[in-house]
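Spelled out, the chains give:
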Amino acid sequence: MDGLLTIGAFSKACRLSPKALRLYDELGLLRPERVDPETGYRYYAAGQLERARLVAWLRRLGMPLARIRDVCALTPAAAAEEIRAYWALVEAETAVRRDLATFLVDQLTPAPRKDTTMLELRYFAQSDRGLVRPANQDTAYAGTRLLAVADGFGPAGAPASGAAVEALRFLDTEDVPAGDVLNLLEDAVRGATDALRDIATTAEAGPEDVGTTLTALVWTGSRLALVHIGDSRAYLLRDGALFRITHDHTVVQSMIDEGRLTPEEATAHPQRALLLKALTADTSPAVDLRLHEARPGDRYLLCSDGLSTVVPDARIRALLTASPAPDDAVRTLVEEANTSGGPDNVSCVVADVVERAA
C-alpha cells in the first residue's frame, strides 16, 4: 500500500500497541486509513501519527477514552483548555485521596503520645435570621463533643436542618474512640436521611425538595472528626493562618476545580448557590469524612453560607484573630454578615482547643 503504514509500523511510530490500535478503531477513536477487505489488516496514513501520539499522551495522563474522543475533536486551543480542566480535576481528586491515605496511615501506625496534655474545647454557637429572609432555616449547635451547622432549604428547611443536627446529638454525650467515630458519623447521616423522609411526607413535599447542608465536628479528646456535605464550611485558624478544611459541593466550586472559573469570578456567578450535593429525603449521597489532629491554640469555625458569601476569607481571619473568646468571635462574625447586607440566614460556631485545667 503506497504511502500507508502497516499497523506494526504505525504502532512503532506512535508508541501505541497494535492491541490498543485495534481497540481505538472499534471505539471510533482512531480509525485506520484503510482495512484490507479480505484479510482485515489495518493500514494507517502518516498524517494520522499526530492524532495517535495525542491519544497516547492523553492515555498516559489517565484520561478516559470517552473524554479523549471529545478532546481529539476540538481545535488545538480548545483541546488545550479541556486538558487543563481535566488535570485540575485530577489534582482536586488526588488531594482528597491524599487526605484519606494520610488518615489510614495514621490509623494503622499508632504511636504513643509523648505528652500527656489533656485538651478540651471552649465553644459558642449562634444562628441569626439575617436582614432579608422571612424565617431562619439554619441550625447551629455547640456542645462538649459536637459542633454543627446545617442550612436547610425547601418548604421545610428549618425542620430539615434541625433533624440533621439532631441525628448527631447522641455523639455529644458519648466518649467515642477516634477509630470508631467516622463509622458512627456515617450511621448518623443515614439516620438524618430517614428523618428527612418523614419531614417531606409531613410537609407533603417531594423528597428532593426538602434538604439541608451539614458540616459538623466531633471531638474525641485529641482529634476532631469532620462530616461535611453542601456549602456550609469549616475553617481552621492555626498560628495566625486561616485554612478552609471543607470543599464546597456546588456548581461554581466544580467549575473552579476544572479550571473554568476563578475564585474571584465565582463570587459573582449567578449559580453560586446551586448545590451539587446535599442531604435530602431522596437519596443518601456520599459525605466527606476525615479526622483532624488538634493542637492547643487551634480555633475552628463552622458557618453557613450566609457568612462565607458576604464576608471574604481575609476578613474572617482578621475577625477570628482579633476576638479573644469564642462568644466574642461568633457575635462579631454574625454582626459582620449583617453589616454586609445580611442577605441570608447566618450561623456560626467557634471552638477553641485549650489545655484542660488541672
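An account of the accompanying structure is given in this report. Predicted model, so just to flag it, every value in this text is computed and none were measured.

## Some thoughts on the overall build of the protein
Move 1: The helix and strand inventory of the protein stands at twelve helices and 15 strands.
Move 2: Rg of the C-alpha trace for the protein: 26 Å, well past the compact-globule value of 21 Å for 358 residues, more than 25% over.
Move 3: Seen along its three principal axes, the alpha-carbon backbone of the protein occupies a region of about 85 × 55 × 40 Å.
Move 4: Every one of the 358 residues in the protein was classed for burial, and the buried ones make up 44%.
Move 5: Once local pairs closer than 6 in sequence are excluded, the contacts in the protein between residues at least 24 apart make up 66%.
Move 6: Carbon and sulfur atoms make up 53% of the accessible area of the protein, which amounts to about 18100 Å² in all.
Move 7: Of the charged side chains in the protein, 39 are positive and 51 negative; the average position of the first set lies 8 Å away from that of the second.

## Overview of the environment of Gly 230
Move 1: Tracing the chain through its elements places Gly 230 in the loop between strand E9 (223-229) and strand E10 (233-238).
Move 2: Distance from Gly 230 to Glu 293, taken between C-alpha atoms, is 23 Å for residues 63 residues apart in sequence.
Move 3: Here Gly 230 is in contact with Thr 213, His 247, Asp 248, His 249, Leu 275 and Lys 277, once residues within four sequence places are set aside.

## A look at the sheet that holds strand E4 (residues 119-128)
Move 1: The five strands lie next to each other as E4-E15-E14-E10-E11, forming an open sheet whose pairing is antiparallel. With partners counted over all chains shown, the strands left at the sheet margins are E4 and strand E11 (241-244), one partner each. Taking the axes of each pair of neighbouring strands and ignoring which way they run, one obtains an average angle of 20° across the sheet.
Move 2: Contacts from helix H11 (residues 313-322) reach E10, E11, strand E14 (299-303) and strand E15 (346-355), with the element oriented near 55° to E10.

## Describing the packing of H11 against helix H12 (residues 326-339)
Move 1: Contact geometry for H11 and H12: axes closest at 9 Å, N-to-C directions at 145°. By crossing handedness, the relation of H11 to H12 is classed as right-handed. Here Arg 315, Ile 316, Leu 319 and Leu 320 of H11 lie close against H12, whose contacting residues are Ala 329, Thr 332, Leu 333 and Glu 336.
Move 2: Classifying every residue of the contact of H11 with H12 by side-chain character gives five nonpolar, one polar and two charged.

Reading the values: the criteria
Counting restarts for each chain: residues are numbered from 1 in the order of the written sequence. In keeping with the model being predicted, local features are shown solely for residues with a pLDDT of at least 70 and side-chain atom pairs are shown and tallied solely at 80 or more, while totals for entire chains, interfaces and linings include all residues. Just so you know, side-chain values use all the structure's heavy atoms and leave hydrogens and water out. A run of H or I in DSSP counts as a helix once it spans at least four residues, and a run of E counts as a strand once it spans at least two, with each numbered from the N terminus. Here the globule rule reads 2.2 Å times residues to the power 0.38, and the radius of gyration is calculated from C-alpha atoms. Burial status follows relative accessibility: with a 1.4 Å probe on protein chains alone, a residue under 20% of its type maximum counts as buried, one over 50% as exposed, and anything between as partly exposed. Here, two residues are considered to be in contact whenever any of their heavy atoms come within 4.5 Å of each other. Areas reported here follow the Shrake-Rupley algorithm with a probe of radius 1.4 Å; residue values treat only the protein chains shown as occluding. Positive charges come from Lys and Arg alone, negative charges from Asp and Glu alone, with His and the N- and C-terminal ends not counted. Lys charges are placed at NZ, Arg charges at CZ, Asp charges at CG and Glu charges at CD. Whether two strands pair comes down to DSSP finding at least two bridges between them. Note on method: axes are straight lines fitted to C-alpha atoms, helices fitted across the in-contact stretch only, with angles between N-to-C directions ranging 0 to 180 degrees. For a crossing to be left-handed, the near helix must be turned anticlockwise from the far one by less than a right angle; the clockwise case is right-handed. In the scheme used here, Gly and all other residues not listed as nonpolar or charged are polar, with Ala, Val, Leu, Ile, Met, Phe, Trp, Tyr, Cys and Pro taken as nonpolar and Asp, Glu, Lys and Arg as charged.

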